[in-house]
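Given next are the chains, with one letter for each unit.
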Amino acid sequence: MKARQNGALVLTMVSCLFLSACSDNDDEVTGLFPDEPEPEIWRFALEEIGGSVQDAWAQEFRRRISELSEGQVQVEIYPYGSIGTSPQLTQLVENGRVHLAFASPGHVADDIPEAGIFLLPFLFPDSDEANRRILADSELLALLQSGWQDAGLQLLDLVPEGWMIWTADRPIHSPEDFTGLRMRTMTAPLQAEVFRAWGAEPIPMPYSEVYDALQLGQVDGQSNPAFAIAEMNFHEVQSVMTVPQATRFVASVVSNRDWYRNLDDNHRQWLNAARAGMPEFIDEVQRNYNRRRLQQIRESGRITMERLTDEQRERFRDASLPARDHFLNRAGERGERILQRVQSLAVDAGAD
Ligand code: 6CS
């Protein structure tokens, strides 16, 4: 996103005080005739702009809910920039002003320490298929659900968005290369701890401010999946992209916990039916988006691309281990069970 567009995004976020002013909605209209029930509106806030992985998930969910409920439930989607930053969106769900939202661990782990599991590098397996099975594991989901519920949220889905790729103003082949590098991180302290363990100086900031900060030299690098780097145009203001294959970006779809509990049978059934099959749908979408946009970035010729060797990855893996202690300190006994469960599933995946 160009600096000018970014400025406009921040401006919209500040000036858009009324939820209804910035939604997009082209659903089938019901309730025009006196014997038809008024449609129920579910507000759904995204941490990403239109055309993103989160947007694809929300658009598909909206289509499914409208079809299943025959227009009785309409989903209003609020793309990033129309309401607030990620932590503000989570707060809006917690206090019931928004029904549904995306909540990425990189932000929400501040509130929900258990979410920090997704920020730990070199923990989840390299295989996409094995990873999908881990994200669907019922024992793991039950442990995570308790963490989300403690924060007043219902965890509805985990959404894979692709491998995180580092972009920077220099090559990064070893933890030493991070020395003195000001790395933009998401706002949860654990993400900062990961980059600190690698030797970088972490600078937490909202997504909407990253392009300008990179362009103005306030930070030297950032980390995000390829589709996000392309749609936010970070590659225009960076020199080197490094694929470490260290951390996958996994977002959560959340609702207000009490709103979910109080749904009547019909509405809960529609919600659950709409979610069925979404993991397969979105995994295919994210793989296409990431492949296509990485190709576009390559063709732009604006940035060099590098992939770490197995030996280089091993050094980053070893250097990242102190971050696991930070996770355990914050997430406590439940965090330990979550870590053990993921480790045992990852070992099983390796044995396949
Ligand atoms: O870097 C971030 O803050 C954001 N990145 C993505 C891919 N999604 C949402 C998140 O807030």
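The sections below set out a description of the structure shown in this document.

**A short note on the site of the ligand**
In the region of the ligand, 13 residues are neighbours, and Glu-48, His-107, Arg-184, Tyr-207 and Asn-224 sit closest. For the ligand, an oxygen atom lies 3.5 Å from a polar atom in the side chain of Ser-86. A distance of 2.9 Å separates a nitrogen atom of the ligand from a polar side-chain atom of Asn-224. Relative to its unbound accessible area of 300 Å², the ligand is 100% covered by the protein chains. Taken together, the residues that form the shell around the ligand break down as 5 nonpolar, 4 polar and 4 charged.

**Considering the side chain of Gln-145**
Mapping Gln-145 onto the fold places it in helix α6 (residues 138-150). For Gln-145, the residues in contact, after removing those within four places along its chain, are Leu-153, Gln-154 and Leu-155.

**Some words on the sheet that holds strand β4 (residues 153-163)**
Taking strand neighbours across the sheet as the criterion, the 5 strands line up as β2-β1-β3-β10-β4 in an open arrangement whose pairing is mixed. Edge strands, defined here as strands with exactly one partner in the open sheet, are β2 (73-78) and β4. Strand-to-strand twist across the sheet, computed as the mean angle between neighbouring axes with direction ignored, equals 20°. Pairing of strand β1 (residues 40-45) with β2 involves 6 bridges; the strand directions are parallel. Residue pairing across strands places Trp-42 opposite Val-75, the latter belonging to β2.

**Focus on the packing of aromatic side chains**
Enumeration according to the criterion identifies 17 aromatic pairs in this entry. Ring geometry for Trp-42 against Trp-259: centres 5.1 Å apart, planes inclined by 85°, an arrangement best described as edge-to-face. Remark: Trp-259 occurs in helix α10 (residues 257-261) and Trp-42 occurs in strand β1; sequence separation between them is 217 residues. Ring geometry for Phe-178 versus Phe-195: centroids 5.9 Å apart, planes at 80°, classification edge-to-face. You can see Phe-178 sitting in the loop between β5 (165-168) and β6 (182-185) and its partner Phe-195 sitting in helix α7 (residues 189-197), a full 17 residues away along the chain. Members of the aromatic cluster, joined through ring pairs, are Trp-166, Phe-178, Phe-195, Trp-198 and Phe-316. The positively charged end of Arg-268 is found above the aromatic ring belonging to Tyr-260, 5.3 Å away from the centroid. Note that Arg-293 overlies the ring of Tyr-289, its terminal NZ or CZ placed 4.7 Å from the centroid.

**Re helix α12 (residues 278-300)**
Its 23 residues place the ends of α12 32 Å apart at the C-alpha level, agreeing with the 33 Å of an ideal helix rising 1.5 Å per residue. What α12 keeps buried is the set Met-278, Ile-282, Asp-283, Val-285, Gln-286, Tyr-289, Asn-290, Arg-293, Leu-294 and Ile-297. Gly-301 sits one or two residues past α12 and shows a positive phi near 65°.

**A closer look at the environment of Gln-296**
Looking at the element boundaries, Gln-296 is found in helix α12. Here the alpha-carbon distance between Gln-296 and Ala-230, two residues 66 residues apart in the chain, equals 7.8 Å.

**Things to note about the pattern of salt bridges**
Proximity of charged atoms lets side chains of opposite charge pair with each other. Within this structure, the stated rule accounts for 23 salt bridges. For the salt bridge of Arg-132 with Asp-283, the shortest nitrogen-to-oxygen distance reads 2.1 Å. You can see Arg-132 sitting in helix α5 (residues 128-135) and its partner Asp-283 sitting in helix α12, a full 151 residues away along the chain. According to the relative accessible area criterion, Arg-132 is partly exposed, its value standing at 26%. Two residues, Asp-220 and Arg-182, come together in a salt bridge whose shortest N-O distance is 2.8 Å.

**Quick look at the side chain of Ser-252**
Structurally, Ser-252 is set in strand β10 (residues 248-256). In terms of polar contacts, Ser-252 uses its side chain to reach the backbone carbonyl oxygen of Ala-103, at 2.7 Å. Reaching out from Ser-252, the side chain makes a polar contact with the side chain of Trp-148 at a distance of 3.3 Å. When neighbours within four sequence positions are excluded, Ser-252 is seen to be in contact with Ala-101, Phe-102, Ala-103, Pro-105, Trp-148, Leu-155, Asp-157 and Leu-158.

Here is what the cut-offs are and how they apply
- Residues numbered from 1 in each chain as written.
- Predicted model: local features only at pLDDT ≥ 70, side-chain atom pairs only at ≥ 80, totals over all residues.
- Heavy atoms only, no water.
- Near = heavy atom within 4 Å.
- Polar contact = N/O pair within 3.5 Å; in protein donor to acceptor, adjacent residues only side chain to side chain.
- Areas by Shrake-Rupley, 256 points an atom, 1.4 Å probe, with all protein chains shown as cover.
- Nonpolar A, V, L, I, M, F, W, Y, C, P; charged D, E, K, R; others polar.
- Helix = DSSP H or I, 4+ residues; strand = E, 2+ residues; numbered from the N terminus.
- Contact = heavy atoms within 4.5 Å.
- Pairing = 2+ DSSP bridges.
- Axes fitted to C-alpha atoms, helices over the stretch in contact; angles between N-to-C directions.
- Phe/Tyr/Trp six-rings, centres within 6.5 Å; stacked < 30°, edge-to-face > 60°.
- Lys NZ or Arg CZ within 6 Å of the ring centre and 35° of its normal.
- Expected span 1.5 Å × (residues − 1).
- Buried < 20%, exposed > 50% of the residue type's maximum accessible area, 1.4 Å probe, protein only.
- Salt bridge = Lys/Arg side-chain N within 4 Å of Asp/Glu carboxyl O.

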